Amino acid sequence: MASSGEEARSGSPGRAGTGTEPAADAAQLDTAEDFEVLEEEEEEEEEDDLSELPPLEAVGRPAAPPREDAQPPERGAGGAAGDPEEWLDVLGNGLLKKKTLVPGQGADSRPQKGQDVTIRLKATLEDGTVVEEDPALTFTLGDCDVLQALDLCVQLLEMGETALIVSEAKYCYGAQGRSPDIPPNASLRLEVELLAARDAPDLELLSGKEKIQLANRKRERGNFFYQQADYVLAINSYDIALRIAGSSSKVDFSPDEEAELLDVKVKCLNNLAASQLKLDHFKAALKSCNLVLEHQPGNIKALFRKGKVLAQQGEYREAIPILKAALKLEPSNKTIHAELSKLVKKHADQRNVETEMYRKMLGNPSTAGTPGKCKDKLPWSIPWKWLFGATAIALGGVALSVVIAARN
């Protein structure tokens, strides 16, 4: 079941999955350790829920051009540098601000969501420490390929404009930070110049290699968001990757390219299901698992997660054989063993509760004192739907007798 590893962190504020980090520091979503990483970790509190962010096209009003006497803020200054009236509060919460340093070519030159934009970027901490410099960073605007601070603000830049963006950690690297240079909960100052904007390439005209590379970049960005516990944004990135991988094409692909595209699709669906499970979106997670199993009936991750989904919904009878199928494919997997044992116990407890409930409904005394060796000989092994059917017939007969007696 082992598959190629995934880079779990972004090496820069602009690019996803391009950094080089020790394998031990990266939680690999598509390796044999996948079960422990995705299924057994403790749930973290999502204090900064990003799901309520407004859509990109509604993030703010156009930035006012700087006054003639405006001076660039000193390096290391806080968000209040300069005249407060020169700053645009992008989201209206004071956590993300933008100020024009060099005016651009006018509002009509602003890039549109979905375009590929190229910027010059310089990122510093509040104390002036430079943590990133990129003379030509290219990304798709609105796809969450970069830090949210950039994705939200670059759409407000005019062509040729240079702006200073001051962002709280919520829209950068959050409580996780980025080892070793960006501490947890660190604010960033981003100096950005918009260099170019062009329409994104037509997916139907991409070669097999190009489509695979593009889908993988989106998938890796989803992995980055998963590691940051931003499951909503992770789902967004996986959905984009799936759209790319599944798009029609006017170019012929080789069998190897077709197989690689399918592999990317399966990885995305598996990680999508993991993210949906984190948000308790059980119906969506079940659909993602089933889509994987349509392509690969023996995919252990999909079987395991499907069993988890059904168990979360209390469907132990259905979940247990699915987990048994997964365990048969990988008998040494301790996580599946543990999950299966837990479900078998829960199912037994559930059946005991149901049995006692039915006894009370039918007016039968509890058999708690019945010796264990005699329990199996009791007539309660009759399917309960038969009992309910017989009860309904009996009650119906009584009702009919009452009606006939009334008429007579």
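Residues numbered from 1 in each chain as written. Predicted model: local features only at pLDDT ≥ 70, side-chain atom pairs only at ≥ 80, totals over all residues. Heavy atoms only, no water.

### Quick notes on the overall build of the protein chain
Helices and strands together make up the secondary structure of the protein chain, namely 11 helices and 6 strands. Within the protein chain, the proportion of its 408 residues that are buried is 45%. Residue pairs at least 24 apart in sequence account for 69% of intrachain contacts in the protein chain once pairs closer than 6 positions are excluded. Carbon and sulfur atoms form 52% of the exposed surface of the protein chain, whose accessible area is close to 21200 Å². (Helix = DSSP H or I, 4+ residues; strand = E, 2+ residues; numbered from the N terminus. Buried < 20%, exposed > 50% of the residue type's maximum accessible area, 1.4 Å probe, protein only. Contact = heavy atoms within 4.5 Å. Areas by Shrake-Rupley, 256 points an atom, 1.4 Å probe, with all protein chains shown as cover.)

### Here we look at the side chain of glutamate 158
Among the structural elements, glutamate 158 can be located in the loop between helix H2 (148-153) and strand E5 (162-167). Within the local environment of glutamate 158, its side chain forms a polar contact with the backbone nitrogen of glycine 106, the two atoms lying 3.0 Å apart. If we ignore the near neighbours within four places in the chain, the residues touching glutamate 158 are Gly104, Gln105, Gly106, Ala107, Ser109, Arg110 and Leu194. (Polar contact = N/O pair within 3.5 Å; in protein donor to acceptor, adjacent residues only side chain to side chain.)

### Quick notes on the pairing of E5
Burial runs high along E5: 6 of the 6 residues are buried. Covered by surrounding structure in E5 are Thr162, Leu164 and Val166 together with Ala163, Ile165 and Ser167, the residues of both alternating faces. The pairing of strand E2 (residues 96-102) with E5 spans 6 bridges and is antiparallel. Pairing of lysine 97 across the sheet is with valine 166, part of E5. Here E5 pairs with strand E6 (residues 188-198) via 6 bridges, running antiparallel. Residue pairing in the sheet places serine 167 in a bridge with leucine 188 of E6. (Pairing = 2+ DSSP bridges.)

### Observations concerning the pairing of E6
As paired strands, strand E3 (residues 116-124) and E6 are joined by 9 bridges and run antiparallel to one another. Residue pairing across strands places alanine 123 opposite leucine 190, the latter belonging to E6.

### Here we look at the environment of phenylalanine 139
Mapped onto the elements of the fold, phenylalanine 139 is located in strand E4 (residues 130-140). By relative accessible area, which is 5% here, phenylalanine 139 ends up buried. Phenylalanine 139 sits 21 residues away from threonine 118 along the chain, and the two C-alpha atoms are 6.8 Å apart. When near neighbours in sequence (up to four residues on either side) are disregarded, phenylalanine 139 contacts Gln115, Asp116, Val117, Ile119, Asp145, Val146, Asp151 and Val154.

### What about the environment of isoleucine 235?
Along the polypeptide, isoleucine 235 turns up in helix H4 (residues 231-245). Beyond its immediate sequence surroundings of up to four residues, isoleucine 235 is in contact with Leu272, Ser275, Gln276 and Leu279.

### Things to note about the nonpolar core
Counting residues in hydrophobic clusters, the biggest one holds 80 residues, and the most contacted among them are Leu96, Ile119, Leu150, Val154, Leu188, Leu190 and Val192. Broken down by element, this core gets its largest block of residues, 10 residues, from H4. (Core = buried A, V, L, I, M, F, W, Y, C linked by side-chain atoms within 4.5 Å.)

### What to know about the confidence of the model for the protein chain
Mean pLDDT over the protein chain stands at 77; residues scoring 70 or higher make up 68%. Segment residues 1-12: pLDDT under 50, and 55 contacts once partners within four positions in sequence are set aside and those in other chains are kept. For the stretch residues 372-382, pLDDT sits under 50, and the model shows 9 contacts to residues farther than four places along the chain or on other chains. (pLDDT = per-residue confidence, 0-100.)

### Examining the sheet that holds strand E1 (residues 88-89)
With antiparallel pairing, 6 strands are arranged side by side in an open sheet as E1-E2-E5-E6-E3-E4. Looking at which strands have only one partner, the edges of the open sheet turn out to be E1 and E4.

### What to know about the pattern of salt bridges
For the structure on display, the rule yields 13 salt bridges. Among the ionic pairs, glutamate 161 bridges to lysine 98, the shortest N-O distance being 3.0 Å. Of the two residues, glutamate 161 is situated in the loop between H2 and E5 and lysine 98 in strand E2; the sequence distance between them amounts to 63 residues. Linking lysine 250 and glutamate 204 is a salt bridge whose minimum nitrogen-to-oxygen distance equals 3.5 Å. Highlighted residues: lysine 250 in the loop between H4 and helix H5 (255-278) and glutamate 204 in the loop between E6 and helix H3 (208-227), separated in sequence by 46 residues. Salt bridges sharing partners connect three or more residues here, namely Arg120, Glu191 and Glu193. (Salt bridge = Lys/Arg side-chain N within 4 Å of Asp/Glu carboxyl O.)

### Looking at the environment of asparagine 333
Following the sequence through the fold, asparagine 333 ends up in the loop between helix H8 (316-329) and helix H9 (334-361). Residue asparagine 333 is classed as buried on the basis of its relative accessible area of 5%. A distance of 3.0 Å separates a polar atom in the side chain of asparagine 333 from the backbone nitrogen of threonine 335. Within the structure, the side chain of asparagine 333 is placed 3.0 Å from the backbone nitrogen of isoleucine 336, a separation counted as a polar contact.

### Looking at the packing of aromatic side chains
The final tally for this structure, using the stated rule, is 3 aromatic pairs. Considering the side-chain rings of tyrosine 173 and phenylalanine 224, the 6.1 Å spacing of their centres and the 85° angle between planes classify their relative orientation as edge-to-face. Residue tyrosine 173 is located in the loop between E5 and E6, and its partner phenylalanine 224 is located in helix H3; the two are separated by 51 residues in the primary sequence. Pair check on accessibility: tyrosine 173 and phenylalanine 224 agree, each one buried. Seen in terms of ring centroids, tyrosine 226 and tyrosine 231 are 5.1 Å apart; in terms of plane orientation they differ by 65°. Their pairing is edge-to-face. (Phe/Tyr/Trp six-rings, centres within 6.5 Å; stacked < 30°, edge-to-face > 60°.)

### A word on H8
Spanning 14 residues, H8 covers 20 Å between terminal C-alpha atoms, matching the ideal 20 Å at 1.5 Å per step. Buried residues of H8: Tyr316, Ala319, Ile320, Ile322, Leu323, Ala326 and Leu327, and no others. Tucked into the core, H8 has its buried residues touching helix H7 (300-312) and H9. (Expected span 1.5 Å × (residues − 1).)

### Focus on unusual backbone geometry
Leaving glycine out, the prevailing phi sign among residues is negative, and the prevailing peptide bond configuration is trans. Of note, the bond from serine 179 into proline 180 is cis; its omega dihedral lies within 30 degrees of zero at 5°. By secondary structure assignment, the location of proline 180 is in the loop between E5 and E6. Although it is not a glycine, cysteine 144 sits at a positive phi angle of roughly 60°. Here cysteine 144 lies in the loop between E4 and H2. On the basis of relative accessibility, which here comes to 12%, the residue cysteine 144 falls in the buried class. You will see that aspartate 280, though not glycine, has its phi angle at about 60°, which is positive. Examined against the element boundaries, aspartate 280 turns out to sit in the loop between H5 and helix H6 (282-295).

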